[in-house]
Structures are given as structure tokens and as C-alpha cells.
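Chain by chain, the residues run as shown.
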Amino acid sequence: MERKAYTVKDHSRRNFLKQLAATSAISAATAMLPKVTFGGVEKFTGNDKLTWKKSPCRFCGVGCGLLIGLQNGKAVAVKGDPDSPVNKGLCCVKGYHSVMALYGKDRLRKPLVKRNGKWVEVTMTEALDLVANKMKETIDKHGKDAVAMYGSGQWTIPDGYVASKFMKGGIGTNNLEANARLCMASAVTGFMTSFGLDEPMGCYEDIDHADVFVLWGNNMAEMHPVLFSRLLDQRLKRKSIIIDLGTRTTRTSLAADKAILFQPQGDLALANAICYEIINNGWVNRSFIEKHCVFKKGKTNIGYGLEDNFQFTDEPGDISFNDFKNFLNDYAPAKASALCGVSVKDIKYLAQLYADPNKKVMSLWCMGPNQHTRGTWINNQIYNIHLLTGKISTPGNSPFSLTGQPSACGTVREVGTLTHLLPHGTVTNEKDRKLAAEIWKVPVEKIPAKPTFHTVEMFRALDRGEIKFMWIQVTNPMVSMPNLKRYRNGALKEDRFIVVSDVYPTPTTDVADVILPSAMWIEREGMFGNSERRTQHFEKMIEPQGECLSDTWQIIEVAKRMGYGNLFPWTKENHIEEIWKEYTRFHHGPEHAMASYQELKARPGIQWPYVNGKETKWRYHAKYDPAAKGDSFDFYGKPDGKAWIWARPFEPAPEVPDKEYPYWLCTGRVVEHWHTGSMTRRIPVLHQAVPHAYVELNVQDAANMNIRTGDKVKLVSRRGELVLPASVNERGQPPRGQVFVPFFDEGLLINELTIDAFCPISREPEYKKCAVKVMKA
Amino acid sequence: MPVKSYLVFPIAGTVAQVIEKLQSFNHCEVLPADNQEVIVLVTDSDSEKEDEQFLEALKGDTTIQHISLISGFST
Ligand code: SF4
């Protein structure tokens, strides 16, 4: 599909332009001055004509509360919600401009069907009939595991819930995955293996208590800008310290008190070296670990998942504290320094900070540790440091795994829209299947007990032809999958049928047979769940454009046509409330109880567990958590009530630079763009700020190759090549031998070069490390 | 007919004065920050000429420490 200019529909209203101009200036001020707030933005759109309604931000996992200004049936203004405990009235540049993403000129407004290679507009009824018929026909011909659904951490909670009920309880296949597999799966397996339950024990309020913030491979200044401004504010007020651990110098490094660079994959050695120092200096919180922890080891040399149908299951084995101590002897600072590139002095400094009994420490991380072929391990290792020092589950002592997407937690992790999950528990657990069958009113045999394909394997199965039909909603895998060419070619194969529900044309709609235009964000009602276990409701504020329909209702309509209407006995008017009521039956105990629909509607987000009208801010400590027994810590996620400290070794990345491909390639995001850019590139201010991707080069490397900013540079990996402009000594500065490319640009697809290796435990792919050649083009 | 936005940083302690001055111009709207000394200024001039004249008038103002253009649209 041809995509020309990225422009916003002309509203012919000077007021609208004034509001845009004002929000751009507010955004710029916010970027420069932490905590600055502006109360009166409505003056730019007409003093008395705006109605303000609350919603979580559509973009990142911080989950800022916004107030959306509505006028004449349109969303025309945004301000931070001062009542939201997440952002307290702040907003970042994406949040301020978020409503403009609703009004892009080329917004998909009509269903499209590909006939003889051409797109033909059809009615929504015709399109849904076709999707249902094709899905049915595929199941009849090839079996139920030949159809699949691939969703998103940008799905609302109701979208994910009906998808799970439809696929697992209706059709009876576990072929359900979501793009959060690409960003959060290692966080999940990290939590599960260390604590037995998913999601952070702490919350954003930890920021107001911590004395030290250690950021592990997390460019928070760009990826979690509002939270980062809360960190900066605490530094101003309380002189807290910010330490940036990263593989390149970023805006976060420049703002930090100390920036420490480590070698790609070196985080595994660094975390162990910190534990070594804590133990060998006698800084362990002995009574805490004796009462509340056990030590474990797992399998080693676990592979990288590069081959199709790769299988792996870890086997935890018991070890003692002394075994763990001996295991760490390989990571004495001098040895670890050789593996991670961090000086012995800095390793000792970090260990001292973590161990100082007078300092509360918060570790924060996101994609660096997660998109990692040993992602589960490095998550475990950060928990190890907090457990050895007993700095956990109390205000300001917090290992905090951040999410990237607005509802990666709410929809994917809590609703369980992954192949092995159910809205409560896993498909492999009979009790969990029985509970789902009871709530869904389906025979328990309907829900298969075996997981099928995780995301990378699902796209491999599409390529191999085991999956013939795939329905993709709210995500853009033809930009975001690693080793992209293979998966695009797979999707384009002769007898594959691809349905894509989205709001704009993308490279993923390019491979579709049917495109369903989706109602976006506040054009429908929904809920998101953010990084700190906070569920936030938003109402339908404006009418969907053209024939756009919510993803939830698209699934329900197709399910009805396939004979599963009895699973969704709700009306268009009440379905979100009814879904919420049914869904929360899965989470009724004190470990995960959720707020009622009415309470969610009334407040700017509520954290679960929500018990007797009270949010739980810190889990696993009886003082704060109604599910915890005794009078202090209780890690009740594990049957023995203990947290697990894992011995996880350093193992190299699957592909390391060599003579032929001498540079590391790292990929990531920029503050202006959301993920694959399909929305933010339609917002002129954001698009103009960063109109295309680029490759960041080290100054010395660039000088050696006679490359300057703007020069064309060719990158070549074993999987693909790409020519793009150079950026030297600008926003980010990689060390020698490394380059960085953001992935938001569908015109410069860096994922054609990345490797589809993954963490064998979480099955989350590696986006931060592969080997490339670099040359002036 | 340009619409532009600026961030205006007054000399410390002169915010109220600067706001008053900016409000005295035609086609200007000001939005002071609630909690810091910075002002968002949005201009909605009738012509390029009016826009230039306004900027000229601000140039000599000693209460303004710094002014940065953030965005501009022409209609
Ligand atoms: S920090 Fe994230 S949630 Fe907050 S306004 Fe920005 S994009 Fe939205």
C-alpha cells in the first residue's frame, strides 16, 4: 500500500494550531525543566468550550494519567492529570501530542480486501464475514492449530480477554501470542523463577524514598521520560544519586551522577561481581537470607533458539549459600572486569552503594536486560543483589522492572495472552484450566493443556506452513520482528491468509489479505495496566471514524459468526463492564484482587492487589501486603514462602563481532517516536523532530572511516544490509566498535539485520546485540 | 498568518512584569508555568510583517533573559 506524506488532517481551525503550538512549547519546557507544570492550556482552544476527560496515555508503559480536552466531537487538547499519582500533572512530548495520532490523513477508515493484488473497499459486515469464513475453512481443512492470533501490549484489557476466551475457550487452540513476548517475557520469567509470581513488588512511590537509583541498560530519559523527571526531582530535593549502567552514552548518562559503560553481554558478569563483593566483604544481610531465601542453580550452556522447533526446559537444583559463594569466585572483580569492561574500582563502588545499610536502593531496567539471550538470568541476578542485601519490598528498596507498552502488564501478563497462559495461571496446570473452563462455561477438555508456539516460533510456523491463517491486532511485526526478511517472506507465501486490524497502513498491512480499521484508544472504552500494577480505565470520548470498530468488538463479531456467540452474550453498550466483571473473577484473592468497574471509572487508576478498598503498594511484606503472612517478609509466590537466589553464569552472546563483522549493533527507541512509528510519524512535530532513522557511530570510528554526520553509511549483517545516515557525537554516543540504530522507521528497517536468537527460558528475542560490518556508502 | 510558540525565560523575579508586557501585545497569548519561572507564548499574527515587528519589540526588553522559538505553523 502506498504511503506518502505523514500529515495531520487540516482542521482549518487556528485554535487547533494554537493548541498544537502551545503543547509543543509545553513539551519542550517539560524536557528542559523537571516537574514544570502548566495548568491553563485550554485557553488556546477557547476558554469555556472544552470538556476534559481522564485517560491513561496511549503510548508508553509509564502509564501517565492524561486529561483529554474535547470540543465539537473531537479531541483537541491534552494536559497531564494532576490527580494521577503516576505523573502528578506532568507529560512528555508524546503524551502532549497523543491526540494528534487520531487524525492522520491516511487513517484507515474502511475495511479493505485484497482481490487480484488490488485493495478493494468493502463493508465491515463483508470483511468480518470473510475473516470468519476463512478462519473456519482453515480449521476444517488443516485443524485448529493452523489458525493463530498475534496481539499486543497495546491491546486494551478487554481486547486481550476476548482474544484469550475466543482462541483458548472457543476454538480450543493455544496459538495466541502478543508482542509483549518481544519486550517483557524475560521480566516475567525473571519474576516467576525468583518469586513465583509476576510483576513488581514495589511501585513508582519507591522513587520518593530511594537514595540511590541504579539504571541497568535503561535509557530512562528517553524511554520513561516522566519517571526520569521524577528521579531528577528527587535528586534536587533529597540529593539522591543516579547511576547509569549502559553500553553507550545517552541522554540518561549525561544527566546521571555517574555513568558506567559495560561491554555488551557484560551485565551478566557485572551483576555477579557485585554479589561477590557483597558476600566477600561480609555485607550480606544474613538474617534476611536465612529466613527468606533459598539458593538454586539451573542448566548452563542453554543455547540461543536459532534453530526451528528449539526446545528447552530449565531444571532448578538446590544449592547452599557456600555453593553460591564458590560459584561467584569466577567473578572476583579482576576476573569480572575482563568480561564486562567495568573497572575494578567501579565494581567495588557499585557493591558498596548496594550494600550501604544507610541507603535505600532502587534498580530500574527495561529492554536492556529483557531483550537479551540470557534475559531471565540477568533479571534473576539483579534480584540476587537486592535479596543478598535484604533491600526489597519496602519503600525505596526496590528492584523495579519497567514495561515499555501501555498495557504489556495489564493485557498480556495479567490477562495471559501468551501461548502458555490463561487469565489466571497456565494452560499446563489442571486447576487453572478448570477455573477458566468454569468461568467461560466451556468443557475443560476444550482448553488444550500444551502450549504451542511462542512469537518467534509462531512466525517460523507461518513460514513453514504449519500456520495458515494469522490475525494480527494493534502491532506491526513486519517492522518489529528480528531477522525480518524471513518472516515477511513467510507471511507472503501463497496459501497464507493474514488479517490485520490497525489504525494506519503499515508494512504489516502490506502483507495482509484483509485490513480491518480499528477504533483507536478514546474512540472506544477500555482499560490499560501499567508497570506498577495500576489499572486505568478510559471511556469512549469520541465517535470512531468511518467504519472503525474496536478490536474487542471485531473479535466478538467474528466469534459469533463462527458459532461462539454464547461465549460473548453482551451488548455493544455493556460489553466492557461485563468483560471486566467476568475477568476479575480470575483474580479474586488478596494476591491479585482488582478494583470494581465503578471504582476504576471514578479514579485515575487503581493498583492491585486491591483489598477492602486499599491498594497494595509493596508486595511480600506483611506491613503493606494483606496477602503476606507473619510480621515481615513473606514471598508467598513460592510454595516454601522463600525468594530464590539463582547462580547464573556469564555466557557469551550468540553472535559476537569477529574479523568479518567487527561491530556490535544495538537497536532501540528515541523519545519522540512510539515503537514502529506508525502513529508518532503521523504527528508533524514528532515526525519533524526525528524524521528518519540513523546510525550512531563512535567519534573515533567515524573519523577513521572519514564519516561525518549525515553521510551515508552501509551496515551489513549475516541477515541483511541497510544504508542510512550517520549520526556522530549527537544524541547517543556508542563506544568504539559499536553502533546504534533506532527501529521506528519503516523506510529503514534495521530489523532486517537483527538476529532471531532468544532467551531459551523466556523466548524473548535479542535486539541489543548482533555483529555487523560498517562502511561509508 | 503565522502561528508560533516560544518559551520565554524572564530575568529572575520579573515574571509578573514580563507577563504583563507580553499581554499588552495584540495576538499574543501567554501561559505561565504554575511552578517555575518560564512562560509559554503563542503568537497568532495577521501577517509575517506583524510577526517580525513583534519580535523586534521584544529584542530590546531587558527583563527577558532568553526566548526560544519552539514551533511555527502558517495558515
Ligand atoms: S512518559 Fe509515557 S505514558 Fe507518560 S506521557 Fe510520555 S509516552 Fe505517555
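Note on numbering: residues in each chain are counted from 1, in written sequence order. Chain letters and ligand numbers both follow the written order, the letters beginning at A and the numbers at 1. Side-chain atom pairs in this predicted model are given and counted only at pLDDT of 80 or more, local residue features only at pLDDT of at least 70, and totals for whole chains, interfaces and linings cover all residues. By convention in this description, side-chain values take in all heavy atoms of the structure and omit both hydrogens and water.

## Remarks on the nonpolar core
Phase 1 of the analysis: Nonpolar core, defined: a set of buried Ala, Val, Leu, Ile, Met, Phe, Trp, Tyr and Cys residues in which side-chain atoms within 4.5 Å join the residues together. Accessible area is worked out with a 1.4 Å probe on protein chains only. A residue is then buried under 20% of its type maximum, exposed over 50%, and partly exposed in between. Counting residues in hydrophobic clusters, the biggest one holds 94 residues, and the most contacted among them are F195, W216, L270, F324 and L387 of chain A.
Phase 2 of the analysis: Each helix is a run of H or I in the DSSP string that is no shorter than four residues. Each strand is a run of E no shorter than two, and both are numbered from the N terminus. If you tally residues by element for this core, the top one is helix α9 (residues 267-280) of chain A, at ten residues.
Phase 3 of the analysis: Counting contributing residues per domain, this core is built from domain 2 (112-183 + 406-569) and domain 3 (193-402 + 640-647) of chain A, each supplying no fewer than three.
Phase 4 of the analysis: With sequence-adjacent residues up to four places away left out, L387 of chain A is seen in contact with F195, F288, I289, C293, I392, F635, A643, W644 and I645 of chain A.
Phase 5 of the analysis: Core analysis: the next-biggest nonpolar cluster, separate from the first, contains 83 residues, V62, Y96 and M220 of chain A together with F73 of chain B among them. Just so you know, the domain bounds were taken from an automatic or database domain assignment. The contact definition used throughout considers only heavy atoms, calling two residues in contact when any of these lie within 4.5 Å.

## As for helix α12 (residues 333-340) of chain A
Residues and elements named next belong to chain A.
Phase 1 of the analysis: Along α12, the positions that sit buried rather than exposed are P333, A336, S337 and C340. The buried residues of α12 occupy one face: seen down the axis, they fall within an arc of 110°. Facing away from the buried side of α12, by more than 90 degrees, are the exposed residues A334 and A338.
Phase 2 of the analysis: For α12, the elements touching its buried residues are α9 and α13 (344-355).
Phase 3 of the analysis: Just downstream of α12, G341 is the residue with a positive phi angle, here 80°. An arc is given here, and it is the one of the directions from the helix axis to the C-beta atoms.

## Brief notes about the interface of chain B and chain A
Phase 1 of the analysis: Counting residues at the interface gives 25 residues for chain B and 24 residues for chain A.
Phase 2 of the analysis: Across the chain B to chain A interface the summed buried area is about 2000 Å²; carbon plus sulfur atoms make up 67%.
Phase 3 of the analysis: Of all residues in chain B, E29, L31 and F73 of chain B bury the most surface against chain A, accounting for 28% of the area lost on that side.
Phase 4 of the analysis: Only one rule defines a salt bridge in this text: a Lys or Arg side-chain nitrogen within 4 Å of an Asp or Glu carboxyl oxygen. Along the contact surface separating chain B from chain A lie zero salt bridges.
Phase 5 of the analysis: The definition of a polar contact used here is a pair of N or O atoms within 3.5 Å, where within protein one atom must be able to donate a hydrogen and the other to accept one, and adjacent residues in sequence count solely through side-chain atom pairs. At the boundary of chain B and chain A, one finds two residue pairs in polar contact (both at pLDDT 80 or more).
Phase 6 of the analysis: With seven residues, strand β1 (residues 2-10) of chain B is the largest single contributor of residues to the side of chain B that touches chain A.
Phase 7 of the analysis: For this classification, Asp, Glu, Lys and Arg are treated as charged, while Ala, Val, Leu, Ile, Met, Phe, Trp, Tyr, Cys and Pro are nonpolar and the rest, including Gly, are polar. Here the residues of the side of chain B that touches chain A are counted per class, giving 15 nonpolar, six polar and four charged. Accessible-area loss on putting two parts together, using a 1.4 Å probe and summing over both, is the definition of buried area adopted here.

## Looking at the packing of helix α3 (residues 124-142) of chain A against helix α22 (residues 551-561) of chain A
Residues and elements named next belong to chain A.
Phase 1 of the analysis: Two numbers describe how α3 lies on α22: the axes approach to 9 Å, and their chain directions differ by 60°. Overall, the two elements α3 and α22 adopt an arrangement that is oblique. Crossing handedness for the pair α3 and α22: right-handed. Contact residues: T125, L128, D129, V131, A132 and M135 in α3; Q554, E557, V558 and R561 in α22.
Phase 2 of the analysis: Taken together, the residues of the contact of α3 with α22 break down into five nonpolar, two polar and three charged. For helices, the fitted axis covers only the stretch in contact; all axes are lines through C-alpha atoms, and the angles between them, taken along N-to-C directions, range from 0 to 180 degrees. Working rule for angles: under 35 degrees goes down as roughly parallel, over 145 as roughly antiparallel, 65 to 115 as roughly perpendicular, anything else as oblique. The hand of a helix crossing depends on one turn: near helix anticlockwise from the far one by less than a right angle means left-handed, and clockwise means right-handed.

## A look at the site of the ligand
All names here are of chain A.
Phase 1 of the analysis: The cutoff for a nearby residue is simple: one of its non-hydrogen atoms must lie within 4 Å of the molecule or strand. Every residue near the ligand is listed here: C57, F59, C60, G63, C64, C92, K94, G95, P225 and V226.
Phase 2 of the analysis: The set of elements that each furnish at least two residues to the shell around the ligand consists of α2 (93-96) and α7 (225-238).
Phase 3 of the analysis: When grouped by side-chain class, the residues that make up the shell around the ligand number seven nonpolar, two polar and one charged.

## A word on the domain arrangement of chain A
Residues and elements named next belong to chain A.
Phase 1 of the analysis: Annotation of chain A at the domain level lists domain 1 (14-103), domain 2 (112-183 + 406-569), domain 3 (193-402 + 640-647) and domain 4 (663-754).
Phase 2 of the analysis: Facing 14 residues of domain 1, the contacting portion of domain 3 comprises twelve residues.
Phase 3 of the analysis: Both faces combined, the contact of domain 1 with domain 3 buries some 990 Å², and carbon together with sulfur accounts for 68% of it.
Phase 4 of the analysis: Inspection of the domain 1/domain 3 interface yields one salt bridge.
Phase 5 of the analysis: Measuring nitrogen to oxygen at the nearest pair gives 3.5 Å for the salt bridge that ties D208 to K88.
Phase 6 of the analysis: Its residues assigned to classes, the side of domain 1 that touches domain 3 shows nine nonpolar, two polar and three charged.

## Observations regarding the side chain of R374 of chain A
Residue and element names in this part refer to chain A.
Phase 1 of the analysis: Inspection of the secondary structure puts R374 in the loop between α14 (367-370) and α15 (375-388).
Phase 2 of the analysis: The exposure class of R374 is buried, given its relative accessible area of 1%.
Phase 3 of the analysis: A distance of 2.9 Å separates a polar side-chain atom of R374 from the backbone oxygen of G303.
Phase 4 of the analysis: Excluding residues that lie within four positions of it along the chain, R374 makes contacts with Q265, L268, I302, G303, Y304, E651, C759 and P760.

## Focus on the pairing of strand β17 (residues 514-517) of chain A
Residues and elements named next belong to chain A.
Phase 1 of the analysis: Every second residue of β17 is oriented toward a common face, with V514 and L516 on one face and I515 and P517 on the other, all of them buried.
Phase 2 of the analysis: Strands qualify as paired when DSSP identifies two bridges or more between them. Across two bridges, strand β4 (residues 112-115) lies against β17 in antiparallel orientation. By the bridge assignment for β17, V113 is matched with V514.
Phase 3 of the analysis: Bridging between strand β16 (residues 497-502) and β17 involves four bridges; their strand directions are parallel. Considered in β17, the bridge of V499 is made with V514.

## A closer look at helix α4 (residues 157-171) of chain A
Along an α-helix, a turn takes 3.6 residues, which lines up residues three or four apart on a common side.
Residues and elements named next belong to chain A.
Phase 1 of the analysis: Helix span, expected: 1.5 Å multiplied by one less than the number of residues in the helix. With 15 residues, α4 should reach 21 Å at 1.5 Å per residue; the first-to-last C-alpha distance of 20 Å fits that figure.
Phase 2 of the analysis: Burial within α4 is extensive, with 15 of its 15 residues counted as buried.
Phase 3 of the analysis: Where α4 ends, the next residue or the one after it, G172, has phi of about 85°, a positive value.

## Points about the sheet that holds β17 of chain A
Strand pairing in a sheet relies on backbone hydrogen bonds. The paired strands run either parallel or antiparallel.
All names here are of chain A.
Phase 1 of the analysis: As summarised here, the arrangement of the seven strands in space is β5-β4-β17-β16-β15-β6-β7, forming an open sheet in which the pairing is mixed. A strand with exactly one partner marks an edge of an open sheet, and here the two such strands are β5 (118-121) and β7 (176-178). Neighbour-to-neighbour, the strand axes of this sheet turn through a mean angle of 20°, independent of strand direction.
Phase 2 of the analysis: Pairing of strand β6 (residues 147-151) with strand β15 (residues 469-473) involves four bridges; the strand directions are parallel. Opposite M149, over in β15, you have W471 as the bridge partner.

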